[in-house]
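Each chain, letter by letter, is given below.
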Amino acid sequence: MEMAVRRDSLTARSCIGWVILVLLVLGQHVGAKEKRPKDAKEQPAGTAASRVQEPNDPNDLWWSRWDVRVKDPNNPMELLTAKWNGVLKVLQAKELEQKLKEKIIDRIVSPMFDFPLMGQLALGRTHWPKLDAAQREKFIRLFVTRLKALYLEKTALYTNEKFVLKPGVPKKNMIQIPMTLISEGKEIVILYKLHKLDEQSKSKALGHWRIYDVEIEGVSILLTYRSQFDDILRRGSVQDLLAQLEKPPSK
Amino acid sequence: MRACLLIMMGIVVGAGCAAGPQTRRNAFGNPASPTRSAGVGRAKELTSTVTPPSDANSPGESALDELEAELTQKQKQVSVPDPLEPVNRFMFGVNDVVYFWVLKPVLRGYVYAVSPEARTGLRNFFHNLATPARLVNCILQGKNAAADVELQRFAINTVVGALGLGDPARDRWELKPAEEDLGQTLAVYGLGDGFYLVWPLLGPSTLRDSVGMLGDAFLDPVRYLQPETLSIGVSATDTTNSMSFRLGEYESLKAATVDPYIAMRDAYLQYRKRQIQNEGGSADPNSLRP
C-alpha cells in the first residue's frame, strides 16, 4: 500500500516537473518569437511608416488630433478627467506604434507635473542644499527621465482601461484627488496630489494646479525616491548620486 | 519539498511591485483587491497633518515647508529598521536571478498557453477558495460588516459564480472583498513590524508579517489536499496564475528606480501600512464604483 502511494506521489512530482519544463521551453520560444518580428520590422520601412504619422510636421498638425484642451483648467477634476480621456484615446489607437504612443502620452501628461518641485522634495531639506545650481539642474533632468520611465514604459501593457475620479479634498493650496483605474477586472487606487502655483507661474492652457506626488495603492512615488536618494547620500556624495542616476536603468 | 511552491510564491512578491507590492496574500487573493477606497481616508488624515506656522515671507517657501513636513511625517510612519540589510540585499539578488532565469520564462509560456479568460476564472476560483483566512481575520479584527460581506461573497460566488470561477458578487451585487490577513490583524492588536526581511524566494516581508503568513497558511484549504504533491501542484498553479497578471511589473520597477532594493522595501512598507490603516474594508459605503 505504502509503496503504491509513494509511487503515485513520485509520478505526480515528475508531472509537475514536466509541466514546468514545457512552460519554460514554451516561454523561451515565445520570447524568441517576440524579438524576431521587431528586428524584421525595421527593414521594410514602408509598412511601418504607413501605420504611423511621423511627427515631422513643422506645423504640428498631427498633434492637434491628440492635443487635450481643458475647458476650465483651474478645476483640477476637469483637468485630470480631460487628460486621462486623452491618454485612453492614445492607448486605444491601434494604428500608433508604441514609441509614438509614448511620445504623445508624454506630451499630454508631463506638463501636469511640477518636476522641479518633485526633485526638490525627493531630496528633501536635508540634501537639497548640498547641490549647487549646475548639479540641481542635472539632477532634475536625470530624475525626470526615471520618473517618465515609470509611466511611459507601462503604457505598452494597457489598452482597455476605465477610470473613475472622485472629487478631491481641498486644503488651502493643495488638493488630493482619488481615482480608481479599472484594468483587466483589477481595480487600482491612485491618489493624485496637486498643489497650486502662484499667480505668475500659472499657464493659460493648464491653469494653476500641478501634480507633485502620486500614490499608487498607497505607495507614494515621491517617498520611494526620497528613501533611495536618502540612502545613497548617506553613504556617498552628490557625485555618487548623479552617477547612479546617469547609469542606464538596471535590466 | 515545498521548495518549488516557494519559488513560485516568492516571485509574486518579487514581481508585484510597480504599482505597489501586492503582497503574497494576492498569490491567493484576487489581485483586484478592490476594497481600497482609502484614498479619501488618507486625504482626511493628511488634512490633519501639522502645518508649521512659517515665518517665511514668500508663499512659495511656506508651501514647500508644508509639503516637506507632510513627507517627512509619512516617511517616519512607514520606516522600519533593517538590521539585516546585507543579508536582505543578497536575498533580493537571489530572487532577482530566479525571476529572470526561471520564473519569467515559465510565466511567458503560461500566458501563451492559457487564455486570459481562463486565467481570470482561475484567479477568481482561488480567491474564493481563500475565503477562510480573510473571514477569520475580519472577525479577529472586529470588522463584522466586512466578515459578513466575505460570507455573502463566498455563498454567491460559489453558487452563482460556478464554484467561484466568476465574481458575480462584485460585478452584480457590488460586494467587494476585504483583503485582511493575519499580519494586519497582529498589527491592529498593536504588534509592531519588528524589522524588515527579504525571504529567499518569498520576497519582502517583516517579522510580524512573516508570522502572519505562517498562521494564514493553516487556513488555506489547498494545504490540506492529499497527497502532498497534489497540494503543492495546486498551490503552484494558483501562484503561477496570479503572477501571470503581473508579468512586466518588476521590470518596470527596476527601470524606474535607482536602487531597486530600497524602492521595493519602501514600497512594501508603505503598501502594508495602508492596508492596515484601511478601516472598514468592503463595508465602506464610499467604495469606488466602476
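Residues numbered from 1 in each chain as written. Chains lettered and ligands numbered in written order. Predicted model: local features only at pLDDT ≥ 70, side-chain atom pairs only at ≥ 80, totals over all residues. Heavy atoms only, no water.

**Considerations on the overall build of chain A**
Here is step 1: Helix and strand counts for chain A stand at nine helices and six strands.
Here is step 2: For chain A, with 251 residues in total, the buried portion stands at 48%.
Here is step 3: In chain A, once contacts between residues fewer than 6 apart in sequence are set aside, the share between residues at least 24 apart is 57%.
Here is step 4: About 13,500 Å² of surface is accessible on chain A, with carbon and sulfur atoms providing 58% of the total. (Helix = DSSP H or I, 4+ residues; strand = E, 2+ residues; numbered from the N terminus. Buried < 20%, exposed > 50% of the residue type's maximum accessible area, 1.4 Å probe, protein only. Contact = heavy atoms within 4.5 Å. Areas by Shrake-Rupley, 256 points an atom, 1.4 Å probe, with all protein chains shown as cover.)

**Looking at the packing of helix α5 (residues 85-113) of chain B against helix α14 (residues 260-277) of chain B**
Residue and element names in this part refer to chain B.
Here is step 1: Between α5 and α14, the least distance of the axes is 10 Å, while the angle of their chain directions is 100°. The pairing of α5 with α14 is recorded here as roughly perpendicular in orientation. Taken together, the residues of α14 that come into contact with α5 (itself represented by E85, N88, R89 and F92) are P260, Y261, I262, M264 and R265.
Here is step 2: Of the residues belonging to the contact of α5 with α14, the class tally is five nonpolar, one polar and three charged. (Axes fitted to C-alpha atoms, helices over the stretch in contact; angles between N-to-C directions. Parallel < 35°, antiparallel > 145°, perpendicular 65-115°, else oblique. Nonpolar A, V, L, I, M, F, W, Y, C, P; charged D, E, K, R; others polar.)

**A look at the confidence of the model for chain B**
Residues and elements named next belong to chain B.
Here is step 1: In this model, chain B carries a mean pLDDT of 76, and residues with pLDDT of at least 70 account for 75%.
Here is step 2: Mean pLDDT across the secondary structure elements of chain B bottoms out at helix α2 (residues 25-28), with 34, and peaks at strand β1 (residues 196-199), with 93.
Here is step 3: Segment residues 1-59: pLDDT under 50, and 177 contacts once partners within four positions in sequence are set aside and those in other chains are kept. (pLDDT = per-residue confidence, 0-100.)

**Focus on empty space enclosed by the protein**
Residue and element names in this part refer to chain A.
Here is step 1: A complete count under the given rule lists seven cavities of 30 Å³ or more for this structure.
Here is step 2: Estimated volume of the largest cavity: approximately 560 Å³.
Here is step 3: Residue lining of the largest cavity: 27 residues in total, with W84, Y151, I190, Y192 and I216 positioned closest to the centre.
Here is step 4: Those elements that place two or more of their residues in the lining of the largest cavity are α4 (76-92), α5 (98-109), α6 (115-127), α7 (133-152), β4 (186-196) and β5 (209-216).
Here is step 5: At five residues, α4 tops the list of elements feeding residues into the lining of the largest cavity.
Here is step 6: For the lining of the largest cavity, the class distribution of residues is 23 nonpolar, one polar and three charged. (1 Å grid on protein atoms, 1.4 Å probe; cavity = no way out; pocket = protein on both sides within 12 Å on 5 of 7 lines; lining within 4 Å. Points joined across faces, edges and corners; volume = space filled by probe spheres on them.)

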